[in-house]
Amino acid sequence: MLDAIRTRLQKHNPDIEHVQVIDTKPRLSKYCVLVRGIRQDGDFKGSFDDELFGLFIVDDDFNSVEKVIDIFPTKRWADYEIWIDSYSLETIVLRGHGATYGDNEMEKTYEVSW
């Protein structure tokens, strides 16, 4: 699954190499997966697109990506906390903020058909 997610992130930025799962939530036979992808060296080179977050729907075996919900850049380089705050049959809500200072608060709501 991580390879498939990395490929999707690399469509937005080919420099993305490292991918980590941040949060998952089950829904029937699928999962909502929140990930972080960052460039190989982890150094800031002037573009916030070198650290991306992505929200995906994957199958229950974590083998394939069924849907890309969103891919977006960080708001604070290597210092941003983000999580799935709530989810239902119709929506997924993400929240985030700067890890050190609590700044750059974010809330994103997605209408989703699972």
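The following paragraphs examine the structure supplied in this document. (Residues numbered from 1 in each chain as written. Predicted model: local features only at pLDDT ≥ 70, side-chain atom pairs only at ≥ 80, totals over all residues. Heavy atoms only, no water.)

Looking now at the pattern of salt bridges. Using the criterion set out here, one finds 13 salt bridges in the structure. For Arg39, the salt bridge is made with Asp41, and the minimal N-O distance between the two is 2.7 Å. The exposure class of Asp41 is partly exposed, given its relative accessible area of 37%. Put simply, Arg39 and Asp50 hold a salt bridge, and the shortest N to O gap is 2.9 Å. (Salt bridge = Lys/Arg side-chain N within 4 Å of Asp/Glu carboxyl O. Buried < 20%, exposed > 50% of the residue type's maximum accessible area, 1.4 Å probe, protein only.)

Our next topic: helix H1 (residues 2-12). Listing the buried residues of H1 in full gives Ile5, Arg6 and Leu9. Down the axis of H1, the buried side of the element spans an arc of 100 degrees, and every buried residue falls inside it. Opposite the buried face of H1, at more than 90 degrees from it, the exposed residues are Asp3 and Lys11. Where H1 is buried, its residues meet strand E1 (16-27), strand E2 (30-39), strand E3 (51-59) and strand E4 (65-73). (Helix = DSSP H or I, 4+ residues; strand = E, 2+ residues; numbered from the N terminus. Arc of directions from axis to C-beta. Contact = heavy atoms within 4.5 Å.)

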